[in-house]
Amino acid sequence: MSIFKRDPLQIIAFQSYGTNTHFYIRGRALEDESIDLESKGWFSLLINTWKRFETDEIKQASLNIKLPNGVVLETKTNNKGYFKIEAQLEGLKKLTNNEGWLSCEIAYSNLNLNRKIQRENCFAAEILIPSSKAQFGIASDIDDTILHTGVVSKLKWRVLFNTFFKAAKSRLPLEGAAELYHLLHKGKDGNNANPIFYVSHSPWNLYRYLELFLKQNNFPKGPILLRSFSNILKRKSENDKPQKQKEIINLLKTYPSLPFILIGDSGEHDPDIYIEIAEQFPNRIIAIYLRSVKHKKKMLRVENLLENFKLVPALLVETSEQAIMHAKNNGFI
């Protein structure tokens, strides 16, 4: 990149969720670093990873969000380029497609930036408003739940290798995971459109990388809920809950009449987070599926944890087929 030429501007809208009366969307305004998600060479992958984390954010930028009915909302990015807008509106559900997705457009409202703006300053965004046919929602982890990551590897070296030196298209999903998620999404009637929310501790910098992975491997479309990279580095207080836990609790509060299935793995903190959520929201969690990991000590800890937990059916699964059988037996699919 020439030091005399500034990169054009872009807006990355993160797929989010709302209700018939609550509009909610997040995203980030950045310079376009021309990240090639299709590249495969190790050097190109390393450069792309660097670009994902060494972002040039557009601070305090004024943005407009235009809805299909002509309503225009205004917001401004913070000092990290992030924006979030919430608004109480009426009749949002009638603006959605049959899967519950509401499409809108985001643009820079200040056209005196003297910068080139990609896509003629019109960036697509979507929020999910669950169908009235939905029987339940699904909140799923990503790492080692549907995507081979290696979070239990020594010093997490596999996580680093997979993130820095593997393209999204070459990453492998866990066997049968996409089939399980499609069955849960379709539900018992086959057309329930049960909403799926992908919740991860990964930073927002990996949003498009994970979005491509899910699309490439035919997973049902759903909001991807991540966290700020600065929050990963921040020291946590003793009472501060993990971001993943906060996101799932927000889902439960947003959809008070919708029960949830929680899916994660046994390698890190998912069992503890999910058990605490189930205890905090009795009768709202109808099942917990935890993928087994190849780590004897961690598995023993989780087995002991679940042995005394009887509030919600919590299943340790070696394969997706085991979860599918349990879901069939319990009338979820």
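Residues numbered from 1 in each chain as written. Predicted model: local features only at pLDDT ≥ 70, side-chain atom pairs only at ≥ 80, totals over all residues. Heavy atoms only, no water.

Asker: In this structure, what is going on with empty space enclosed by the protein? I would like to understand it.
Answerer: The rolling of a water-molecule-sized probe over the atoms marks out the regions of remaining empty space. Under the definition given, this model contains 2 cavities of 30 Å³ or more. The space that makes up the second largest cavity amounts to roughly 40 Å³. Lining the second largest cavity we find Thr145, Leu180, Tyr181, Ile263, Gly264, Tyr289, Leu290, Arg291, Val317 and Ala323. Elements with a contribution of two residues or more to the lining of the second largest cavity: α3 (177-186), β12 (260-265) and β13 (285-291). With 3 residues, the single largest contributor to the lining of the second largest cavity is β13. When the residues that make up the lining of the second largest cavity are grouped by side-chain class, the tally is 7 nonpolar, 2 polar and 1 charged. (1 Å grid on protein atoms, 1.4 Å probe; cavity = no way out; pocket = protein on both sides within 12 Å on 5 of 7 lines; lining within 4 Å. Points joined across faces, edges and corners; volume = space filled by probe spheres on them. Helix = DSSP H or I, 4+ residues; strand = E, 2+ residues; numbered from the N terminus. Nonpolar A, V, L, I, M, F, W, Y, C, P; charged D, E, K, R; others polar.)

Asker: Sorry, what's going on with the pattern of salt bridges here?
Answerer: Should their charged atoms come close, side chains of opposite charge can pair. Inspection of the entire model under this criterion finds 8 salt bridges. Between Arg28 and Glu57 there is a salt bridge, with the nearest N and O atoms lying 3.7 Å from each other. On the criterion of sequence distance, the pair formed by Arg28 in strand β3 (residues 22-31) and Glu57 in the loop between α1 (42-53) and β4 (62-66) is long-range, its members being 29 residues apart. According to the relative accessible area criterion, Arg28 is buried, its value standing at 7%. With a shortest N-O distance of 2.9 Å, Arg115 and Glu31 are connected by a salt bridge. Within this pair, whereas Arg115 is found in the loop between β7 (101-108) and β8 (123-128), its partner Glu31 is found in strand β3, the two being separated by 84 residues in sequence. Taken together, the salt bridges that share partners define one network made up of Asp141, Lys244 and Asp270. (Salt bridge = Lys/Arg side-chain N within 4 Å of Asp/Glu carboxyl O. Buried < 20%, exposed > 50% of the residue type's maximum accessible area, 1.4 Å probe, protein only.)

Asker: Quick question: what am I supposed to make of the nonpolar core here?
Answerer: Where a protein is soluble and globular, its nonpolar side chains tend to be buried together. Judged by nonpolar contacts, the single largest core of 37 residues is most densely connected at Ile146, Leu184, Tyr198, Phe219 and Phe332. Mapped by element, the contributors of at least two residues to this core are β1 (9-14), α3, β10 (196-203), α4 (207-216), β11 (224-227), β12, β13 and α9 (320-329). Ranked by size, the runner-up nonpolar core spans 30 residues in total, among them Tyr24, Leu252, Ala278 and Val312. (Core = buried A, V, L, I, M, F, W, Y, C linked by side-chain atoms within 4.5 Å.)

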